[in-house]
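Breakdown of the fold
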Amino acid sequence: LIFNDFKVECNCTHVILPKDPVPPGGTGNVIVWFDSKGWTGYQDRKVIILTNAKNHEESVHFKCEVIQKKKIGF
């Protein structure tokens, strides 16, 4: 499996793909993280991974609730 590229819905989602091909039966890691700065509430993000497989596009969803940091004041 060769990871060619990815598509994200916004620049708040970051992806690192394996640089080397993954052999049959092998494993690889796709790292995805979400920068929540400027976002609050329910978030649903989609990442499309492009590979050399027959169905060359696979999508991954992640959902989270971003809770606004409360300021403590006296």
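Here's what I pulled together on the structure shown here. All of these numbers come straight from a predicted model, not from anything done at the bench. (Residues numbered from 1 in each chain as written. Predicted model: local features only at pLDDT ≥ 70, side-chain atom pairs only at ≥ 80, totals over all residues. Heavy atoms only, no water.)

1. A look at the sheet that holds strand β5 (residues 57-66)
What counts here: One bridge is not enough; two strands pair if DSSP finds at least two bridges between them. Numbered from the N terminus, helices here are DSSP runs of H or I no shorter than four residues, and strands are runs of E no shorter than two. Where helices are involved, their axes are fitted lines through C-alpha atoms of the stretch in contact, as for all axes, and angles between N-to-C directions lie from 0 to 180°.
On the basis of which strands lie adjacent, the open sheet formed by three strands has the order β1-β4-β5 and antiparallel pairing. Each of the sheet's edge strands pairs with one partner strand only, and the pair in question is β1 (3-8) and β5. Each strand of the sheet is rotated relative to its neighbour by a mean of 20 degrees, with strand direction disregarded. Relative to strand β4 (residues 41-51), β1 runs antiparallel, the two being bridged by five bridges. Within β4, the residue paired with Phe 6 across the bridge is Ile 49.

2. Looking at the state of the cysteines
Spelled out, the test is: Cysteine sulfur atoms that come within 2.5 Å of each other are treated as a disulfide pair. Accessible area is worked out with a 1.4 Å probe on protein chains only. A residue is then buried under 20% of its type maximum, exposed over 50%, and partly exposed in between.
Inspection of the entire model under this criterion finds one disulfide. For Cys 10, the disulfide goes to Cys 12, at an S-S distance of 2.0 Å. Cys 12 carries the same exposure label as Cys 10, and that label is buried. The structure places no disulfide on Cys 64, whose sulfur is separated from the nearest cysteine sulfur, that of Cys 12, by 9.0 Å. A relative accessible area of 24% means that Cys 64 is categorised as partly exposed.

3. Looking at the environment of Asp 5
Quick note on the threshold: In what follows, a contact means two residues having at least one pair of non-hydrogen atoms within 4.5 Å.
Examined against the element boundaries, Asp 5 turns out to sit in strand β1. The sequence separation of Asp 5 and Leu 50 amounts to 45 residues, and the corresponding C-alpha distance is 5.1 Å. When neighbours within four sequence positions are excluded, Asp 5 is seen to be in contact with Leu 17, Ile 48, Ile 49 and Leu 50.

None of this, on its own, says anything about what the molecule does.
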